[in-house]
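One-letter residues, chain by chain:
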Amino acid sequence: MTTVDPGGAGAATDEAVGAWSDVVGQDAAVAQFRRAASSPASLAQAWLITGPPGSGRSTAARAFAATLQCETGTGCGHCRACRTVLANTHPDVTVVATDKLSIAKDEVRALVMTAQRAPATGRHRVLIVEDADRMSAGTFNVLLKSIEEPPPSTVWMLCAPSAEDLAPTIRSRCRQVTLSVPSSEVVAGLLRRRDGVDEGLALRAARAAQGHIGLALRYATQEGALAAREDSARTLLSLRGAGQAVLAAQALVDRATAEAKEHADAVASEEKERFLRSAGIDDGKVPPSLRSQVRQLEEDAKRRQTRLVRDVLDRYLLDVHSVLRDVLSRQLDAGSELVNIEIAGEIEQAATNGTGTTTLQLLDAVQEARSRISGNVPPLLAIEALLARIAICQR
């Protein structure tokens, strides 16, 4: 679902560090944001916040927005301005995010119109685009003029995995801040402090998530998530033939599709119910004049499911990458700590059976599979090809 809402999704406020409590392992970036907020005369009006998935790009953007609106200018987390930004209710902070494949031009046009308005109550009109990499070239053109010549009080914040994901004309007009992958210890500390997760589970979940904060929270709080990840890793290392690889790939895609469909159907049902309620329809009978809008909701649900399938499979491929990296670490006797400690025995055996050269080639194959899926290759074909190659190498 694409959402346009005031504020942003729930960053917590910690009394020790205020609005920045959830931005962990990013000291250099936080210092840069705070310096900018303390110097209004030299504040850039367009920011590009980049970093790997799970590094906290959108969380940092919201904390920066709270600091810009803060009554003390520090992001204290206590004043009314900070609280409303962090609670999604500040009228001058707008966030655009999407769980579909792309952000539509019409949504960006609406955002550009919002950017032209003077702040209602705060110091700035802040616009955060969480998935700026999901805008097309045409959509970038809609945004360009507003980025080039924003009103004096407007601040844009674009979030993307890397600067290369945006058009050169856009990124050249933004001040870039790059976030890094936080360590497992830092992520585990956040889970303990913010979410009350047991220390051992927090560290295990953070290590499995490889610095991805949202994924670490999922592993720590969703029953069976860590066990399922470990089972998938064992299955991967036990593949010995193309037939097994094909069956494993089909099971994986079926599971990803089911997970995505469940979520997409729930969101679609909620959206349709909200639409019917706003249209005053309580018997489920949609008049002809509104049927096109209902069909649009259905199309949005299909796009949402497509993206979610890709996201689930990409998460699996990152896990595959971590397993192969552990195997390579043992083959090279690098002495680094395993990500997948729970299957250390299987990793040691795989390292003994293969060579470092072969494992490096398989790591490249994982990245190729990720690129193929993001490039619209049918997911089943991409996963089958990867698992078959791994299976052949493990004979």
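Calculation rules
- Residues numbered from 1 in each chain as written.
- Predicted model: local features only at pLDDT ≥ 70, side-chain atom pairs only at ≥ 80, totals over all residues.
- Heavy atoms only, no water.
- Helix = DSSP H or I, 4+ residues; strand = E, 2+ residues; numbered from the N terminus.
- Axes fitted to C-alpha atoms, helices over the stretch in contact; angles between N-to-C directions.
- Parallel < 35°, antiparallel > 145°, perpendicular 65-115°, else oblique.
- Left-handed = near helix turned anticlockwise from the far one by under 90°.
- Contact = heavy atoms within 4.5 Å.
- Expected span 1.5 Å × (residues − 1).
- Buried < 20%, exposed > 50% of the residue type's maximum accessible area, 1.4 Å probe, protein only.

Glycine aside, a negative phi is what most residues show, and trans is what most peptide bonds show. Backbone geometry at Asn-88 places phi at a positive 70 degrees, although glycine is not the residue there. You can see Asn-88 is positioned in the loop between helix H3 (80–86) and strand S3 (93–97). The phi dihedral of Asn-376 is positive, around 80 degrees, even though this residue is not glycine. With respect to the secondary-structure elements, Asn-376 resides in the loop between helix H14 (356–374) and helix H15 (379–393).

Here we take up the packing of helix H8 (residues 199–209) against helix H10 (residues 225–238). The contact between H8 and H10 brings their axes to 11 Å, and the two run at 45 degrees. Considering the angle they form, H8 stands oblique to H10. Two packed elements cross with a definite hand, and for H8 against H10 that hand is left-handed. Contacts between H8 and H10 pair Leu-201, Arg-204, Ala-205 and Ala-208 from the former with Leu-226, Arg-229 and Glu-230 from the latter.

When the terminal C-alpha atoms of helix H2 (residues 57–69) are compared, their 19 Å separation across 13 residues agrees well with the 18 Å that a helix rising 1.5 Å per residue should span. H2 sits mainly inside the fold: 11 of its 13 residues count as buried. Taken together, the buried positions of H2 are Arg-57, Ala-60, Ala-61, Arg-62, Ala-63, Phe-64, Ala-65, Ala-66, Thr-67, Leu-68 and Gln-69. Contacts from the buried residues of H2 go to helix H1 (27–37), strand S2 (46–50), H3, S3, strand S4 (125–129) and strand S5 (154–160).

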